[in-house]
Amino acid sequence: MNKHHFKYMMEDIRLGLTRNKGSAIASIVLLFIALLLIGCLLLTRSFVQDAVHYVESQLAMKVYVEDGLVEDVAVILEKQNYTHSVEIETGEELIGELAFFFQGKEHLLDTFTNGSVEDAVKFQITDKSLMPVIAKELEAIKGIKKVVYPQQMAEILSKWITKIELYGTISLIIFLALAFVMVYITFHLAMYQRNRELKVKLLLGIDPRLVSLQFLLEGVLLGIAGSFLAALVVTAFHRTIFQKIQQAAPYLGSLNLSDLIGTIIIQSVIGVLLSLAASYLSTRKLIRHV
């Protein structure tokens, strides 16, 4: 394909999108909404990741034992039927997790922990409703100092986090499906409206692959447009909402520039691939039968 053919193709792409302006705009809007939702979910997940990890850690039971018995107790607990997973949590690791919630106020952390924390065996069980019973049995065993299991608030927070992720994922799938269908319809209509024009091109000897490439490029342009708008709004959210929350309450979560860049890249890739797939599937059969 020479320079002349490329310029002709780009002009034809412009005319094609202009003739189907309404459906093209609708496709971009739906892509924008779906990609914006993806961006917001990814940013929110990244923002509260540390807090989520802390809450999830609180849903595990912790056993504090006498010196030298940590590894032995871990082995015993790992063999129990009710145990899902077991790990040894050192005092240094726990202080490192708590340090996130005391940023700028390290002296309070030293006061809270007295400078050190005992090692513990942290384990999760298959049925969390059995926690009180298991805790009572473990406390009666010689060598075990204390058994700690999660508060009701931690369980409530975990349930809310799960629900938000579930409903967010369902909404995301719906909007992505709508965007795909809209792009599909856009190119399907374009094919019928330009049927005579395409016949003339093919009769003149233009390679059908070039005609297909033209529609694929139109799909890429729609994907880029939707991704660009979503990236702008996500960047605005990052600066006006997440950064202010982080400054006001750093213990709730943190968000770096790399998180924003990664989110925008994921948005763009999904937007372009979705539009490419829709334009290809909607035109491949029709081009063969023109």
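Every chain is numbered independently, its residues counted from 1 as its sequence is written. Local features in a predicted model are, by the rule used here, given only for residues with pLDDT of at least 70; side-chain atom pairs are given and counted only at 80 or more, and totals for whole chains, interfaces and linings are based on all residues. Hydrogen atoms and water are omitted, and side-chain values are computed over all heavy atoms in the structure.

With respect to the overall build of the protein chain
Going by this rule: Only DSSP runs of H or I with at least four residues qualify as helices, and only runs of E with at least two residues qualify as strands; both kinds are numbered from the N terminus onward. Note on exposure labels: buried denotes an accessible area under 20% of the residue type's maximum, exposed denotes more than 50%, and partly exposed covers the range between, all computed with a 1.4 Å probe on protein chains only. For this analysis, residues touch if any pair of their heavy atoms sits within 4.5 Å. All accessible areas in this document rest on Shrake-Rupley with a 1.4 Å probe, and a residue is counted as covered only by the protein chains that are shown.
Tallying secondary structure elements over the protein chain gives 11 helices and four strands in all. Expressed as a percentage of its 290 residues, the buried residues of the protein chain come to 34%. Long-range pairs, those at least 24 residues apart, make up 84% of the contacts in the protein chain between residues at least 6 apart in sequence. Only carbon and sulfur atoms are counted for the fraction: they give 63% of the accessible area of the protein chain, which is about 17300 Å².

Looking at the nonpolar core
The condition that has to hold: Throughout, nonpolar core names a set of buried Ala, Val, Leu, Ile, Met, Phe, Trp, Tyr and Cys residues whose side chains join them through atoms within 4.5 Å.
One finds Leu-43, Leu-176, Val-183 and Leu-222 to be the most contacted residues of the largest nonpolar core, which totals 25 residues. Listing elements by their share of this core, those giving two or more residues are helix 2 (21-47), helix 8 (152-193), helix 10 (208-248) and helix 11 (257-289). Ranked by residues supplied to this core, first place goes to helix 2 with 10 residues. Residue contacts for Val-183: discarding those within four places in its chain leaves Ser-27, Leu-31, Leu-222, Ser-275, Ala-278 and Ser-279. Counting 17 residues, the second largest nonpolar core, distinct from the first, contains Val-65, Val-73, Leu-77 and Val-121.

Examining the side chain of Thr-83
Within the element layout of this structure, Thr-83 appears in strand 2 (residues 83-89). A relative accessible area of 12% means that Thr-83 is categorised as buried.

Details of the sheet that holds strand 4 (residues 144-148)
Selection criterion: One requirement defines pairing of two strands: DSSP has to find at least two bridges between them. Lines are fitted to the C-alpha atoms to define the axes, a helix being fitted only along its stretch in contact, and any angle between axes, read from their N-to-C directions, falls within 0 to 180 degrees.
The strand order across the open sheet built from four strands is 2-3-1-4, with neighbouring strands paired in antiparallel fashion. Edge positions in the open sheet fall to strand 2 and strand 4, since each of these has one partner strand only. Strand-to-strand twist of the sheet, defined as the mean angle between neighbouring strand axes without regard to direction, takes the value 20°. Its contacts with the sheet put helix 4 (residues 70-78) on strand 1 (61-65), strand 2 and strand 3 (120-125), and the angle it makes with strand 2 is roughly 170°.

A word on the confidence of the model for the protein chain
So the rule is basically this: The predictor's confidence in any single residue is recorded as pLDDT, a number from 0 to 100.
Residues of the protein chain with pLDDT of at least 70 account for 70%, and the chain-wide mean is 76. Averaged over each element, pLDDT in the protein chain is lowest for helix 6 (residues 106-113) (51) and highest for helix 4 (87).

A short note on the pairing of strand 3
Along strand 3, five of the six residues are buried, which leaves the element largely enclosed by surrounding structure. Examined bridge by bridge, strand 1 and strand 3 share three bridges and lie antiparallel to one another. Counterpart to Lys-62 in the pairing with strand 3 is Lys-122. Direction of pairing for strand 2 relative to strand 3: antiparallel, over a ladder of six bridges. Across the sheet, the residue bridging to Ser-85 is Gln-124, located in strand 3.

Side note on the side chain of Gln-267
Just so we agree on the cut-off: Any pair of nitrogen or oxygen atoms within 3.5 Å is treated as a polar contact; in protein, a donor-acceptor pairing is required on top of that, and neighbouring residues in sequence qualify only through side-chain atoms on both sides.
By secondary structure assignment, the location of Gln-267 is in helix 11. In terms of polar contacts, Gln-267 uses its side chain to reach the backbone carbonyl oxygen of Leu-35, at 2.6 Å. Sequence-distant contacts of Gln-267, that is, excluding residues within four places in its chain, are made with Leu-35, Leu-36, Gly-39, Ser-227, Ala-230, Ala-231 and Val-234.

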